[in-house]
Amino acid sequence: GYGVKDYMIKWGQEVKNADGSGFHLVPFVAYIKGVISDDSGNSVNPGSNTTGTVTINTMFYRLLCDGQEIRYIDKLNGVLKINGIDYRSELESML
């Protein structure tokens, strides 16, 4: 088996300027902790492009857009934050 692993995925995405004058590149980073449950027989050879699908049973997910945290999900610690709003804090205070 694959076991629990930490993954970091980086990419850039073109985003339209607020004034509509064009586009600019915005960096994204995703941090994922989980177990690969299906890689559908994908293979990667050094120096060549590939496409495929990987399914990860995720325990932790954090997404940054241009350095700003927009998603923070931690199943093991009961954390669910989206755009800075903690959606679990009220529930946790009742328990």
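Residues numbered from 1 in each chain as written. Predicted model: local features only at pLDDT ≥ 70, side-chain atom pairs only at ≥ 80, totals over all residues. Heavy atoms only, no water.

Caption draft 1: Expanded view of a nonpolar patch on the surface. Taken together, the side chains of Leu91, Met94 and Leu95 make up a nonpolar region of the molecular surface, amounting to roughly 360 Å² of accessible area. Tracing the backbone through its elements, the reader meets Leu91 in helix α1 (residues 89-94). We classify Leu91 as partly exposed; its relative accessible area is 39%. (Patch = residues over 30% accessible without salt bridge, like charges linked within 9 Å, V, L, I, M, F, W, Y side chains within 5 Å. Areas by Shrake-Rupley, 256 points an atom, 1.4 Å probe, with all protein chains shown as cover. Salt bridge = Lys/Arg side-chain N within 4 Å of Asp/Glu carboxyl O. Helix = DSSP H or I, 4+ residues; strand = E, 2+ residues; numbered from the N terminus. Buried < 20%, exposed > 50% of the residue type's maximum accessible area, 1.4 Å probe, protein only.)

Caption draft 2: Local environment of the side chain of Asp74. The residue Asp74 is located in strand β4 (residues 68-74) in this model. The buried charged residue Asp74 lacks any salt bridge, with Lys33 as its nearest oppositely charged partner at 8.6 Å. Looking at Asp74, its side chain comes within polar contact range of the main-chain nitrogen of Leu76, at 3.2 Å. When sequence neighbours within four positions are dropped, the list of residues in contact with Asp74 reads Met59, Phe60 and Val79. (Lys, Arg positive; Asp, Glu negative; His and termini not counted. Polar contact = N/O pair within 3.5 Å; in protein donor to acceptor, adjacent residues only side chain to side chain. Contact = heavy atoms within 4.5 Å.)

Caption draft 3: Quick peek at the pairing of strand β3 (residues 55-65). Two elements, strand β2 (residues 23-38) and β3, share ten bridges in a ladder whose sense is antiparallel. Each bridged residue has a counterpart across the sheet, and for Ala30 the counterpart in β3 is Leu63. Across six bridges, the pairing between β3 and β4 is antiparallel. Bridge pairing in β4 links Arg62 to Tyr72. (Pairing = 2+ DSSP bridges.)

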